[in-house]
Amino acid sequence: MKYTSKIERKSGGTSWVFKPPQDAATSGIVKTQTFRDGRTARVEIPKLIDKVDAYRRGEIVAGNIGKMSNLSQIIGHYFKTKHFNSLSQNTYKNYTSNLACICRTQIYGKELGTFRVSHLTVPVCTKMYDTWEDDVSTNNANEYARVFSMIMNYCVALGIVNDNPMKHVSKRTHEPASVVWTDAEVEKFCDVAFSDFKFRNIGLAVLMAYEWGQRPTDIYNLKWENVEFDKDMVKIRQSKRGARVELPLEEPLTSMLKQQQNDWDFQQYVAPQQRSPDGVYRAYTTAASGPLFREVKALAGLPDHLKVGHLRKTTINQLIESGVDHLAIMSVTGHKNVSSLNAYVKHNLETAKSALSRRNKK
């Protein structure tokens, strides 16, 4: 085995000495170790060799982290690796965005980023996966789980933990393909939300997501500086692709936002969350908004399968079914390729009739 020498002990028996290359030893990634039995040496030395190789490939970096470090600190450590900084721009943005959402996930009353990595057990990972699925979607939960697994594998490579707990979590493989809201369901939700000040901002966020076909995260992070009443327009930078879209302000949403501004313009967010422990106003996270969303949904008597993340899909489906040009739809959704809309096109009788009818009228 590389970096390993076999020494016969004077007292009898054999020892295996692992002596890493100087650069890896100096960095603190690994250190010289002696094993007094062959079975342990055969198990542990290959792990040390893998760690040296990973260090030399730039996949792990030296630094003062360990079992007492929290998830945010581990992620910050990973961000310094050559491997992360050599990713494509889209993958770089995707990982950064997803890891930020993962750290903001609230379970057991605190954000996941504050959890010590040694406390991220299988039950904790199961709880976080269920939270992602309830608050966003099955597909997003699977994506978050994949990215989180990458970080836990990084911890395994550093020797901070022995196993990746997320790989033991049962994951759902898909979600119903046709889960969309009806106009009546959106109206019921908003009626209940706007009847109680506690739910007002969640109700407004749902209405904006539905009216503009945007992701909930981008609505939660919308600031007053992005709302231009004099131009009847709102500007949104989408977190997933980095696209910038300009969307029209129309009644009754315009009047509702002006009233919202009168009440909330002392802080930066259009529909903020007031954090209970310190009263600070901040953007809602999917984890923080989830319990309120589910409470309103229950009070409105809406089915459990409806998720706030489905509002964007609902709007896009409605635009497609109304015969709106795909390029015009892309100016709303921020998609860069027409093919990206294929997932929203429903191949059914009504859609086919509408398309053929428009052709015959020409």
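What comes next concerns the included structure. (Residues numbered from 1 in each chain as written. Predicted model: local features only at pLDDT ≥ 70, side-chain atom pairs only at ≥ 80, totals over all residues. Heavy atoms only, no water.)

### Focus on unusual backbone geometry
Residue Pro252 is bonded to the preceding Glu251 through a cis peptide linkage, with omega at 5°. Relative to the helices and strands, Pro252 resides in the loop between β8 (244-248) and α11 (253-264). One non-glycine residue, Tyr3, lies in the positive phi region at around 60°. Note on placement: Tyr3 falls in the segment before β1 (4-8). If you check the backbone angles, Tyr108 has positive phi at about 55° while not being a glycine. Checked against the element boundaries, Tyr108 lands in the loop between β4 (106-107) and β5 (110-111). (Helix = DSSP H or I, 4+ residues; strand = E, 2+ residues; numbered from the N terminus.)

### Regarding the environment of Lys6
For Lys6, the location among the structural elements is in strand β1. Excluding residues that lie within four positions of it along the chain, Lys6 makes contacts with Thr14, Ser15 and Trp16. (Contact = heavy atoms within 4.5 Å.)

### Things to note about the sheet that holds strand β7 (residues 233-237)
With respect to topology, three strands assemble into an open sheet ordered β6-β7-β8, the strand pairing being antiparallel. Two strands close off the open sheet at either side, each with one partner strand: β6 (227-228) and β8. Taken together, the five bridges between β7 and β8 define a ladder with antiparallel strand orientation. Of the residues in β8, the one forming a bridge with Ile236 is Val245. (Pairing = 2+ DSSP bridges.)

### Description of the side chain of Ser149
In this fold, Ser149 is placed in helix α7 (residues 138-158). Discounting chain neighbours no more than four positions away, the residues touching Ser149 are Asn164 and Met166.

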